[in-house]
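Structure at a glance
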Amino acid sequence: MQFDTPHLIRYGITALVVGLILALRLRRMSKARPLMLERLWIIPALYALLVASLFLRLQPSLGGSALCAAALVVGGGLGWQRGKLMRLSVDPETHQLNQRASIGGLLFIVVLIAIKLVGQAEGSALHLNVVLLTQAFGTMALGLFSAMRLEMYLRGRRLLAQARAAA
């Protein structure tokens, strides 16, 4: 088995960057941050525009569209689970909704990114349609971000209502 040095260097640099981002993110994860329910739609909307641009450049075949639809559904299920991993709390005095990310949720995203990067890097060698792979992962990420934020919105709204009712 022969190793391709440029691929190893690319994987090494990617692992280093991801590791650095993880280290910085882990430091901030222990702190609760305010959660604004009215802003949760922004990231999914921006990502929907990005995914739409992927489809405008090259429209997938019928089978590719089915794959992307399935990826959207899978992403939605994964996003719902990731949303449940986010710790939400309400300050009893101010009724400020706060969020704290979980390590599990962060590692979950890192694994998905790693799979995507390896798939794209090795896609041409395996004769995979890299554009379709990018579209499928894009729609999966759209489902993930949208469902995660929807779950957080619904749970946050419920927690706020309970806190206000108890006051």
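Attention here is on the structure that accompanies the text.

On the surface, a nonpolar cluster with roughly 530 Å² of combined accessible area is contributed by Trp41, Ile42, Ile43, Leu46 and Leu49. By secondary structure assignment, the location of isoleucine 42 is in helix α2 (residues 42-57).

In spatial order, the strands read β1-β3-β2; together these three strands make up an open sheet with antiparallel pairing. Taken across any chain shown, the strands that pair with only one partner, and hence form the sheet edges, are β1 (33-34) and β2 (87-90). Both β1 and strand β3 (residues 97-100) contribute to a ladder of two bridges, which runs antiparallel. Bridge pairing in β3 places arginine 33 opposite glutamine 99. Running at roughly 25° to β2, helix α5 (residues 130-166) makes contact with β2 and β3 of the sheet.

The pairing of β2 with β3 spans four bridges and is classified as antiparallel. Residue pairing across strands places arginine 87 opposite arginine 100, the latter belonging to β3. Between β2 and β3, which follow one another and run antiparallel, lie six residues, and histidine 95 among them has a positive phi close to 60°.

Let us now look at the packing of aromatic side chains. How two aromatic rings sit relative to each other is given by the distance of their centres and the angle of their planes. Per the stated rule, a full pass over the model turns up one aromatic pair. Measuring from ring centre to ring centre gives 5.2 Å for tyrosine 47 and phenylalanine 145, while their planes differ by 80°; the resulting arrangement is edge-to-face. Taken together, the residues span a long stretch of sequence, with tyrosine 47 in helix α2 and phenylalanine 145 in helix α5 at a distance of 98 residues.

Helix length check: α2 (16 residues) gives 23 Å between terminal C-alpha atoms against 22 Å at 1.5 Å per residue, within 8%. Listing the buried residues of α2 in full gives Pro44, Val51, Leu54 and Phe55. Looking straight down α2, one finds that the buried residues subtend no more than 90° of arc, so they occupy a single side. Facing away from the buried side of α2 by more than 90 degrees, the exposed set consists of Leu46, Leu49, Leu56 and Arg57. Contacts from the buried residues of α2 go to α3 (62-85) and α5.

So, on to the side chain of arginine 149. Inspection of the secondary structure assignment puts arginine 149 in helix α5. Buried within the structure, arginine 149 lacks any salt-bridge partner; glutamate 151 is the closest side chain of opposite charge, at an N-O distance of 10 Å.

Turning our attention to the packing of α2 against α5. Between α2 and α5, whose axes approach to 9 Å, the crossing angle comes to 165°. As summarised for this structure, α2 and α5 are arranged roughly antiparallel, according to the angle between their axes. Two packed elements cross with a definite hand, and for α2 against α5 that hand is left-handed. Between α2, through Ile43, Pro44, Tyr47, Ala48, Val51, Leu54 and Phe55, and α5, the contact on the second element is made entirely by Thr134, Gln135, Gly138, Thr139, Ala141, Leu142, Phe145, Ser146 and Arg149.

For the rest of this paragraph, the subject is the packing of α3 against α5. Two elements in contact, α3 and α5, have axes whose closest approach is 6 Å; the angle formed by their N-to-C orientations is 35°. Relative to α5, α3 is oriented so that their crossing is right-handed. Class assignment of the residues belonging to the contact of α3 with α5 gives a composition of 17 nonpolar, eight polar and four charged.

Turning our eyes to something else, we now look at the nonpolar core. Membership of the largest hydrophobic core comes to 13 residues, with the highest contact counts inside it found for Leu35, Leu37, Leu40, Val90, Leu97, Met152 and Leu160. Look past the residues within four positions of leucine 35 in its chain and what remains in contact with it is Leu40, Leu88, Gln96, Leu97, Asn98, Gln99 and Met152. Formed by 12 residues, the second largest nonpolar core is a distinct cluster that contains Val51, Cys68, Ala71 and Leu133.

The rules behind each value
Residues numbered from 1 in each chain as written. Predicted model: local features only at pLDDT ≥ 70, side-chain atom pairs only at ≥ 80, totals over all residues. Heavy atoms only, no water. Patch = residues over 30% accessible without salt bridge, like charges linked within 9 Å, V, L, I, M, F, W, Y side chains within 5 Å. Areas by Shrake-Rupley, 256 points an atom, 1.4 Å probe, with all protein chains shown as cover. Salt bridge = Lys/Arg side-chain N within 4 Å of Asp/Glu carboxyl O. Helix = DSSP H or I, 4+ residues; strand = E, 2+ residues; numbered from the N terminus. Pairing = 2+ DSSP bridges. Contact = heavy atoms within 4.5 Å. Axes fitted to C-alpha atoms, helices over the stretch in contact; angles between N-to-C directions. Phe/Tyr/Trp six-rings, centres within 6.5 Å; stacked < 30°, edge-to-face > 60°. Expected span 1.5 Å × (residues − 1). Buried < 20%, exposed > 50% of the residue type's maximum accessible area, 1.4 Å probe, protein only. Arc of directions from axis to C-beta. Lys, Arg positive; Asp, Glu negative; His and termini not counted. Parallel < 35°, antiparallel > 145°, perpendicular 65-115°, else oblique. Left-handed = near helix turned anticlockwise from the far one by under 90°. Nonpolar A, V, L, I, M, F, W, Y, C, P; charged D, E, K, R; others polar. Core = buried A, V, L, I, M, F, W, Y, C linked by side-chain atoms within 4.5 Å.

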